[in-house]
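Understanding the architecture of this molecule
This is what each chain is made of:
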Amino acid sequence: MEASEQAKKLIINTRPLYMEKVKLWNGDDYLGYCHRISVSDQLRKIDKLSKKESISLLEKDIKRISSQLNKHLVTNVTQNQFDALVSLVYDIGIKALVTDELFILLNKNKLTEVASQFRKFNKYMKKPIYQLIKNRKEEIKLFNKANLDE
């Protein structure tokens, strides 16, 4: 399964766009649509991105996340559920997801229990972060939304 345009729109609509490198509340550097710059990231040497470059970077991130999710999912999910998971992984990373109870429940096909699990990823160092609360609400809404073409 691949993330749809809906996943990209969700991320664009819920994350700020940083066209210049910025250090956020967690001490990490970010560029584009909240793309976290890791130590090994080639973007470490770049201080600015255009909107077009930011969208291109987001599309690469989404493609990578889709591939990672597909390696770990053992149950079928709807397109909306997959897109919501892509958005979540965009913030927390694949390792945090696949080792969490949310993913265990998902792979056991206990979908009604999964949505409520998103909320636990709205904190940093045990403190609720407004931006993360907002992101999780939108992801839960999408996760629970029926796919009309199914």
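Structure's up top.
Residues numbered from 1 in each chain as written. Predicted model: local features only at pLDDT ≥ 70, side-chain atom pairs only at ≥ 80, totals over all residues. Heavy atoms only, no water.

A look at the layout of surface pockets
For the largest pocket, the calculated volume is near 1000 Å³. Together, 40 residues line the largest pocket, and Y30, C34, R36, Y90 and D91 are the ones closest to its centre. Per-class residue counts for the lining of the largest pocket are 19 nonpolar, nine polar and twelve charged. (1 Å grid on protein atoms, 1.4 Å probe; cavity = no way out; pocket = protein on both sides within 12 Å on 5 of 7 lines; lining within 4 Å. Points joined across faces, edges and corners; volume = space filled by probe spheres on them. Nonpolar A, V, L, I, M, F, W, Y, C, P; charged D, E, K, R; others polar.)

A closer look at helix 3 (residues 79-92)
A rise of 1.5 Å per residue sets the reference length of helix 3, with its 14 residues, at 20 Å; its end C-alpha atoms lie 20 Å apart and thus fit the reference within 8%. Counting buried positions along helix 3 gives eleven out of 14 residues, so the element sits mostly inside the fold. Looking at helix 3, one finds that the buried residues are N80, Q81, F82, D83, A84, L85, V86, S87, L88, V89 and Y90. In the segment just after helix 3, G93 is the residue with positive phi, at about 90°. (Helix = DSSP H or I, 4+ residues; strand = E, 2+ residues; numbered from the N terminus. Expected span 1.5 Å × (residues − 1). Buried < 20%, exposed > 50% of the residue type's maximum accessible area, 1.4 Å probe, protein only.)

Describing the packing of aromatic side chains
Under the counting rule described, the total for this entry stands at one aromatic pair. Both rings, one in F118 and one in F143, keep their centres 5.5 Å apart while their planes meet at 55°; by these two values the pair is tilted. Here the residue F118 occupies a position in the loop between helix 6 (111-117) and strand 4 (123-124), and F143 occupies one in helix 7 (residues 130-144), the gap between them amounting to 25 residues. One exposure class covers both F118 and F143, and it is buried. (Phe/Tyr/Trp six-rings, centres within 6.5 Å; stacked < 30°, edge-to-face > 60°.)

Without other data, these values stay purely geometric and don't point to any function.
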